[in-house]
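Architecture and fold: a report
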Amino acid sequence: MAAFLGWLLAWSGGYEGKLVISHMWGGFSLAAAVLLCFALRCWDKRVYGVALLLTLILLAWTADKGGRLTHGDAFLTKYMPGKLRTVLHCPLCQAKRLRSTQRP
């Protein structure tokens, strides 16, 4: 249902480009992976566990694409603490760079 409603939202306007397409295919793939996990659960528990882990990775990837669509590219790093930014090797976002260069 979520994949279908997302598809309707994508074609209603306001969203376009490669990011929308990759999020859309991620959503469709996620819906198929969930159905596959449901079928595998009764068949083989080990295969189900692997499929579920891969589905969770696909969920994180698809959610990241959706977050970028609604909140912008820097939504995960915009307010990240400096120490964590250093550990993860994340560059400063453009807004913080502008503020730091404008100070006297």
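Residues numbered from 1 in each chain as written. Predicted model: local features only at pLDDT ≥ 70, side-chain atom pairs only at ≥ 80, totals over all residues. Heavy atoms only, no water.

Some points on the overall build of the protein chain
Our working rule: Here a strand is any run of E in DSSP of at least two residues, a helix any run of H or I of at least four, and the numbering for each starts at the N terminus. Per-residue accessibility, obtained with a 1.4 Å probe over protein chains only, is compared with the maximum for each type, and a residue is labelled buried under 20%, exposed over 50%, and partly exposed between these values. Contact definition: two residues touch when any of their heavy atoms are within 4.5 Å. What sets the accessible areas is the Shrake-Rupley method with a 1.4 Å probe; for residues, cover comes only from the shown protein chains.
For the protein chain, the count of helices and strands is 5 helices and 0 strands. Listed by position from the N terminus, the elements making up the protein chain come as α-α-α-α-α. Per-residue burial over the protein chain gives 19% buried out of 104 residues. Once local pairs closer than 6 in sequence are excluded, the contacts in the protein chain between residues at least 24 apart make up 41%. With an accessible surface of roughly 8200 Å², the protein chain has 69% of that area assigned to carbon and sulfur atoms.

Examining the confidence of the model for the protein chain
Detailed reading of the predicted coordinates is not advisable wherever pLDDT falls low. Test applied: Summary of the metric used: pLDDT quantifies the predictor's per-residue confidence within the range 0 to 100.
Mean pLDDT over the protein chain: 79, with 86% of residues reaching 70 or higher. The spread of mean pLDDT over the elements of the protein chain runs between helix α5 (residues 94–102), the lowest at 45, and helix α3 (residues 45–71), the highest at 89.

Some words on a nonpolar patch on the surface
Stated precisely, the cut-off is as follows: Patches here are clusters of residues that have more than 30% relative accessible area and form no salt bridge, with a 9 Å joining cutoff for like charges and a 5 Å cutoff for nonpolar side chains (Val, Leu, Ile, Met, Phe, Trp, Tyr). Salt bridge, as applied in this entry: a Lys or Arg side-chain nitrogen positioned within 4 Å of an Asp or Glu carboxyl oxygen.
Together, M1, F4, L5, W7, L8, W11, I21, W25 and F28 make up a nonpolar patch on the protein surface, roughly 1000 Å² of accessible area in all. Of all the secondary-structure elements, those providing two or more residues to the nonpolar patch are α1 (2–12) and α2 (18–43). Counting residues per element, the nonpolar patch draws most heavily on α1, which supplies 5 residues. Considering the arrangement of structural elements, one finds W25 in helix α2.

With respect to the environment of A2
Locating A2 in the fold gives a position in helix α1. Exposure remark for A2: the relative accessible area of 65% places this residue in the exposed category.

What about the side chain of S22?
Checked against the element boundaries, S22 lands in helix α2. On the basis of relative accessible area, S22 is assigned to the buried category, the value being 19%. Once you skip the residues sitting within four places of it in the chain, S22 turns out to touch W61 and K65.

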